[in-house]
Amino acid sequence: MNLFDVYPLFNIEIVKGKGCHVWDTEGNEYLDLYGGHAVISVGHSHPVFVSAITEQVNKLAFYSNSVINSLQQQLADKLGKACGYDDYALFLINTGAEANENALKLASFHNGKRRVIAFRKSFHGRTSAAVRVTDNPAIIAPVNEGLPVTYLSLNDPYLVEAELKKGDVSSVIIEGIQGVAGIHVPSDAFLQSLRRLCTKYNVCLILDEIQSGYGRSGKFFAHQYAGIRPDIITVAKGIANGFPMGGVLISPMFKAVYGMLGTTFGGNHLACAAAIAVLDIMEREKLIDNVNRTGDYLMKELRQLPGIKELRGRGLMIGIEFEQPIKEIRTRLLFEEKVFTGVAGTNTIRLLPPLCLSMKEAEEFMNRFRKVISTI
Ligand SMILES: Cc1ncc(COP(=O)(O)O)c(C=O)c1O
């Protein structure tokens, strides 16, 4: 049986990781400024993370959501404290798309409405409702088209109010920082307007913090720069450092009803053990402070480089947009300088390193990056 060929692959197989470094089958060592697509939060193979999973799998990997799993409550307690939402409730699933799927459903159950407002260039996942609110027609299949969605430009509250006034909107969904679009930060004033408008028109505000959350922006959630509290927050990626997991943080205004949401694998014992270890490590190693330190350094150094059209982002979520396509820069970084980076569109390099990136590693990245840029 062949694999269904949907990914254009680099001819590299990564077989080992440690901190912010990974190794391929040939023994080449790479500096990881990509974090496996913003997934590795506390670093590859962190010993506390490894022993938490190992201990758990030796006891029990999985049992169903029909019995008590006290690890879920432990995780909810720690997460509530870490992010400042201890009055919210947590629903656990396995991926980011599922988190958004459940968030959109919950909003619609709550206010009985259907239409969703999303934003241009948004990415929210690939399942039915999540992909429908994603602004990319190429990945929306006819079977996904049922949900009515209106895509609006970012940072224009007047457009949002004109739609909410019509009275048929269930939710507004927005990324804390747009990732796939190339790291576009919604203005604090815009997020504050969204909060005010959603309250005024009884519409649920959903913050997708799947890529921008869990400390990546320099605060636990990117929307916390704007000082707002959304009705629903979705998380995944860094939550369990590579173990598949997603979560929906739900404000107290939503009433839980038995059976309204559900999942087989969500919140399983192994995923919870991984996610608890991640929060413990983040706290013990003060990783959010580290994100601010190394993120500020990278921004400062990158600002001095020639040829950059625009530099965007917060913390360790950085978009470097060039005038010209970046394919050669990225390929040379990978194959000559042994540095993994991400990409957005054709002209933007995305940096999404593990949150434990040290100053020495940040400096090392800058040296290798400067070398490539200077010879392009
Ligand atoms: C902002 C955002 N939302 C949702 C998703 C979907 O997450 P998953 O691939 O885990 O379904 C992603 C993945 O890149 C994302 O960046």
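Structure: see above.
To keep things clear, this report deals only with the structure shown in the data block. Along each chain, residue indices are assigned from 1 in the same order as the chain's sequence is written. Residues qualify for local features only when their pLDDT is at least 70, as the model is predicted, and side-chain atom pairs are given and counted only at 80 or more; totals for whole chains, interfaces and linings, by contrast, use all residues.

1. Digging into the overall build of the chain
Think of it this way: any DSSP run of H or I at least four residues long counts as a helix, any run of E at least two long counts as a strand, and we number them from the N terminus. From N to C terminus, the chain includes 11 helices and 15 strands. Each radius of gyration reported is based on C-alpha atoms, and the globular scaling rule is 2.2 Å times the count of residues to the power 0.38. Relative to its length of 376 residues, the chain is compact, with a C-alpha radius of gyration of 20 Å against a globular reference of 21 Å. Projecting the C-alpha coordinates of the chain onto the three principal axes gives extents of approximately 55 × 55 × 45 Å. Any residue pair is listed as a contact if its two C-beta atoms, each placed from the backbone, are within 7 Å. Within the chain, residue pairs in contact and separated by at least 24 positions form 74% of the contacts whose partners lie at least 6 positions apart.

2. Let's talk about the sheet that holds strand E5 (residues 115-119)
Here a strand pair is declared whenever DSSP counts at least two bridges between the two strands. Spatial strand order, E4-E10-E9-E8-E7-E5-E6: 7 strands in an open sheet with mixed pairing. The sheet is open, and its two edges are formed by strand E4 (89-93) and strand E6 (149-152), each paired on a single side. Across this sheet, the average inter-strand angle for adjacent strands is 20°, counted without regard to direction. Angles shown run from 0 to 180 degrees and are taken between the N-to-C directions of axes, each axis being a line fitted to C-alpha atoms and, for helices, limited to the stretch in contact. Along the sheet face, helix H6 (residues 157-164) touches E5, E6 and strand E7 (169-175) and points at about 160° away from the line of E6.

3. What about the environment of Glu-336?
Residue position: Glu-336 is located in the loop between helix H10 (327-335) and strand E13 (339-340). Here the C-beta atoms are placed from the backbone, and a residue counts as buried if at least 20 other C-beta atoms lie within 10 Å of its own, exposed if 12 or fewer do, and partly exposed otherwise. According to the C-beta neighbour criterion, Glu-336 is exposed, with 12 such atoms within 10 Å. Through-space distance from the C-alpha of Glu-336 to that of Arg-368 is 9.3 Å; in sequence the pair is 32 residues apart.

4. A word on the packing of helix H2 (residues 47-59) against helix H8 (residues 269-284)
Two elements in contact, H2 and H8, have axes separated by 9 Å at closest approach and are oriented at 155°. With respect to H8, the element H2 is oriented roughly antiparallel. Note that H2 runs across H8; the crossing there is right-handed. Residues Val-48, Phe-49, Ala-52, Ile-53, Gln-56 and Val-57 of H2 pack against His-269, Leu-270, Ala-273, Ala-274, Ile-276, Ala-277, Val-278, Asp-280 and Ile-281 of H8. In this count, Pro and Cys sit with the nonpolar residues alongside Ala, Val, Leu, Ile, Met, Phe, Trp and Tyr, while Asp, Glu, Lys and Arg are called charged and the others, Gly among them, polar. Tallied by class, the residues present in the contact of H2 with H8 amount to 12 nonpolar, 2 polar and 1 charged. The cut-offs work like this: below 35 degrees is roughly parallel, past 145 is roughly antiparallel, 65 to 115 is roughly perpendicular, and the gaps in between are oblique. In a left-handed crossing the near helix is turned counterclockwise from the far helix by less than a right angle, and in a right-handed crossing that turn is clockwise.

5. Looking at the nonpolar core
Val-172, Ile-206, Ile-232, Met-245, Ala-274, Ala-275 and Val-278 are the most contacted members of the largest nonpolar core, which has 110 residues in total. Broken down by element, this core gets its largest block of residues, 12 residues, from H8. Domain start and stop positions are those given by an automatic or database domain assignment. Split by domain, the residues of this core number at least three in each of domain 1 (68-267) and domain 2 (287-355). Leave out the neighbours within four places in its chain, and Ala-274 touches Phe-49, Ala-52, Ile-53, Ala-240, Asn-241, Phe-243 and Met-245. Note on definitions: a nonpolar core is a set of buried residues drawn from Ala, Val, Leu, Ile, Met, Phe, Trp, Tyr and Cys, linked by C-beta atoms within 7 Å.

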